[in-house]
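Single-letter residue listing:
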Amino acid sequence: QVQLVESGGGLVQAGGSLRLSCAASGRTFSSAAMGWFRQAPGKEREFVAAISWSGRMTYYAYLVKGRFTISRDNAKNTGTLQMDSLEPEDTAVYFCAVRRGSGSVSSNNVDYDDWGQGTQVTVSS
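Remember, it's a predicted structure, so these values are computed and weren't measured experimentally. (Residues numbered from 1 in each chain as written. Predicted model: local features only at pLDDT ≥ 70, side-chain atom pairs only at ≥ 80, totals over all residues. Heavy atoms only, no water.)

Trainee: Is there a simple way to think about the sheet that holds strand S1 (residues 3–7) in this case?
Mentor: Either a parallel or an antiparallel arrangement is found when strands of a sheet pair, and the pairing is made through backbone hydrogen bonds. With antiparallel pairing, four strands are arranged side by side in an open sheet as S1-S3-S8-S7. Across the chains shown, the open sheet's two edge strands, defined by having one partner strand only, are S1 and strand S7 (68–73). Sheet twist, expressed as the average angle between the axes of neighbouring strands with direction ignored, equals 15 degrees. (Pairing = 2+ DSSP bridges. Helix = DSSP H or I, 4+ residues; strand = E, 2+ residues; numbered from the N terminus. Axes fitted to C-alpha atoms, helices over the stretch in contact; angles between N-to-C directions.)

The following block contains the structure:
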């Protein structure tokens, strides 16, 4: 099992930026794909972005493409989600997750094995 801890959430004005981090423990992180998901109040959890085990392949939800950037540092067991040009609609709890069984990206939350506790992102208008 991989334990994940997110950080970096907070309150920001529309148009601003935030950088979320995901610290992972466990030897399997470097071979696992990683994803970011978010959940707004009253809504289902939705895919945001994913990155392959090597970092060579990334995949974004159309709502965030061009504004968010996912990356990872396997040597440090960390993942990052850089969020720019934030909009009030981006307000949600953001979760990082890993696929221990695969290094390939996926937008389906059922493909992910381990999840962090989430970090709140609030974008004011």
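There's plenty left to go through after this.
Trainee: How do you make sense of the pairing of strand S4 (residues 33–39) when you look at a structure like this?
Mentor: Looking down a regular strand, the side chains alternate between one sheet face and the other. With respect to burial, S4 is a largely interior element, six of its seven residues being buried. As paired strands, S4 and strand S9 (residues 92–99) are joined by seven bridges and run antiparallel to one another. If you follow tryptophan 36 over to S9, its bridge partner there is cysteine 96. Across five bridges, the pairing between S4 and strand S5 (residues 46–51) is antiparallel. Across the sheet, glycine 35 pairs through a bridge with alanine 50, a residue of S5. Counting the residues that bridge the hairpin from S4 to S5 gives six residues, and of these glycine 42 lies at a positive phi of roughly 80 degrees. (Buried < 20%, exposed > 50% of the residue type's maximum accessible area, 1.4 Å probe, protein only.)

Trainee: Could you clarify how one ought to interpret the pattern of salt bridges in this entry?
Mentor: Any two side chains of opposite charge can pair, on the condition that their charged atoms come close. Taken as a whole and judged by the stated rule, the model has five salt bridges. Among the salt bridges present, the one from arginine 38 reaches glutamate 46, with a minimum N-O distance of 2.5 Å. Here aspartate 90 makes a salt bridge to arginine 67, at a shortest N to O gap of 2.7 Å. With aspartate 90 in the loop between strand S8 (78–83) and S9 and arginine 67 in the loop between strand S6 (58–60) and S7, the pair connects residues that are 23 residues apart, well separated along the chain. Look at arginine 67 and you get buried, because its relative accessible area is 12%. (Salt bridge = Lys/Arg side-chain N within 4 Å of Asp/Glu carboxyl O.)

Trainee: Explain the state of the cysteines here, please?
Mentor: A disulfide bridge is the covalent bond that connects two cysteines by way of their sulfur atoms. Within the structure shown, the criterion is met by one disulfide. One disulfide in the model links cysteine 22 with cysteine 96; its S-S distance is 2.1 Å. Looking down the S-S bond of the cysteine 22 and cysteine 96 bridge, the torsion is 60 degrees, so its handedness is right-handed. Within this pair, whereas cysteine 22 is found in strand S3 (residues 18–25), its partner cysteine 96 is found in strand S9, the two being separated by 74 residues in sequence. Like cysteine 22, the residue cysteine 96 is buried in the burial classification. (Disulfide = S-S within 2.5 Å.)

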